[in-house]
Amino acid sequence: MKAITCKGKHAELCQAIATGHKEDALQMIYAFFRSEDNTDSYSISLLTMVRELLEESDSDELYRMRIRMRSSGDRVFINMAQFVWAFETGGYRVAAETLAGKCLSEMAKLKRSMQEFLDEEGLSKATEMAGLRIREAARILRLYYASAKDGDACDKIDEINLEMTRVFLFANASAMSEDLMKAAKCANRKDDTMIRDRYCREIIQSYADVVDRIEKSNDFSREDYEILPAIKYACETLADTDDANPKLLKRVNRILEDKD
């Protein structure tokens, strides 16, 4: 599994597990239980789960946990994903598999709770940050299943991840275009050309104006350039359909060649 950079209050614990320092990790957990920092609503359950997985490769607490927005679902999900990486990297394969399975099974319910939260509270900077944490957690979880060569799990993550991105990050063009492309590739792997082409058309309809913006501007926009691979993929995929746009593809390729 590829290396990641762990972040958040439990990043040091993740590193201890990843490097195989089990006793140090357990001491960190016990110290946190005694500290004045354990004031959030989720860390006690989260670290109880980690302790049980370290000691027994299974956890009663894990089966009681629910990843929901009203219970800091974004923070719980990113921490659990980082612990999946830590367990896998540290050689705790059974613990990693157990925790990853829990994360995967909770994703659809997390998405529904995101929508409920949005309907009640509305969009804000906080929901944007939550969306970014959830998207990063999905990325880490997908890395785990990709390394395990579990294509079905990867496809499920790509599909639900797009749905979650639509909830909190629909205004983030870079994230949306990339996740639409991932979902289109997922549909292609399943030979579902109708869904694949629908996502590709959405990419072009929503983001083709980026090409105009880049061509007319002298200023570099990282976000605009990050959208180009999705437009390129969509144009290439639709090349033999009624939605073909060879001129747009040529313009995208020209920009990418100039950038190189």
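Overview of the structure. If you're wondering where the values come from, they're calculated on a predicted model, not measured in any experiment. (Residues numbered from 1 in each chain as written. Predicted model: local features only at pLDDT ≥ 70, side-chain atom pairs only at ≥ 80, totals over all residues. Heavy atoms only, no water.)

1. Considering helix α2 (residues 22-34)
Here is step 1 of the chain: With 13 residues, α2 extends 19 Å from end C-alpha to end C-alpha; this agrees with the ideal 18 Å at 1.5 Å per step.
Here is step 2 of the chain: Listed in full, the buried residues belonging to α2 are Ala25, Leu26, Ile29 and Phe32. Seen along its axis, α2 keeps its buried residues to an arc of 120°; they face one direction. Across α2 from its buried face, at more than 90 degrees, point the exposed residues Glu23 and Arg34. (Helix = DSSP H or I, 4+ residues; strand = E, 2+ residues; numbered from the N terminus. Expected span 1.5 Å × (residues − 1). Buried < 20%, exposed > 50% of the residue type's maximum accessible area, 1.4 Å probe, protein only. Arc of directions from axis to C-beta.)

2. Observations regarding the packing of helix α5 (residues 73-90) against helix α6 (residues 93-121)
Here is step 1 of the chain: α6 packs onto α5 with a crossing angle of 155° between their chain directions and a minimal axis gap of 8 Å. Comparing the axis directions of α5 and α6 gives the class roughly antiparallel. Both α5 and α6 take part in a crossing whose hand is left-handed. Contacts between α5 and α6 pair Gly73, Phe77, Met80, Ala81, Phe83, Val84, Phe87 and Glu88 from the former with Arg93, Ala95, Ala96, Leu99, Ala100, Lys102, Cys103, Met107 and Leu110 from the latter.
Here is step 2 of the chain: Taken together, the residues of the contact of α5 with α6 break down into 13 nonpolar, one polar and three charged. (Axes fitted to C-alpha atoms, helices over the stretch in contact; angles between N-to-C directions. Parallel < 35°, antiparallel > 145°, perpendicular 65-115°, else oblique. Left-handed = near helix turned anticlockwise from the far one by under 90°. Contact = heavy atoms within 4.5 Å. Nonpolar A, V, L, I, M, F, W, Y, C, P; charged D, E, K, R; others polar.)

3. Structural notes on the environment of isoleucine 78
Here is step 1 of the chain: When you line up the elements, isoleucine 78 lands in helix α5.
Here is step 2 of the chain: On the basis of relative accessible area, isoleucine 78 is assigned to the buried category, the value being 10%.
Here is step 3 of the chain: For isoleucine 78 and lysine 7, which are 71 residues apart along the polypeptide, the C-alpha to C-alpha distance reads 9.0 Å.
Here is step 4 of the chain: With residues near it in sequence (within four places) discarded, isoleucine 78 still touches Arg133, Glu136, Ala137 and Ile140.

4. Notes on the packing of helix α1 (residues 11-18) against α5
Here is step 1 of the chain: Where α1 contacts α5, the axes come no closer than 7 Å and their chain directions differ by 20°. By the criterion of interaxial angle, the relationship of α1 to α5 is roughly parallel. Side by side, α1 and α5 meet where Leu13, Cys14, Gln15, Ile17 and Ala18 of the first sit next to Gln82, Phe83, Trp85, Ala86, Phe87, Thr89 and Gly90 of the second.
Here is step 2 of the chain: Among the residues forming the contact of α1 with α5, the class breakdown is eight nonpolar, four polar and no charged.

5. Looking at the pattern of salt bridges
Here is step 1 of the chain: Applying the stated rule across the entire model yields 28 salt bridges.
Here is step 2 of the chain: We note a salt bridge from glutamate 52 to arginine 51, for which the minimum N-O separation is 4.0 Å.
Here is step 3 of the chain: A salt bridge links arginine 196 to aspartate 197; the nearest nitrogen and oxygen atoms lie 2.8 Å apart.
Here is step 4 of the chain: Judged by relative accessible area, which is 14%, arginine 196 ranks as buried.
Here is step 5 of the chain: Of the residues examined, aspartate 197 reaches a relative accessible area of 11% and is grouped as buried.
Here is step 6 of the chain: Salt bridges sharing common partners tie together Arg135, Glu178, Asp179 and Lys182. (Salt bridge = Lys/Arg side-chain N within 4 Å of Asp/Glu carboxyl O.)

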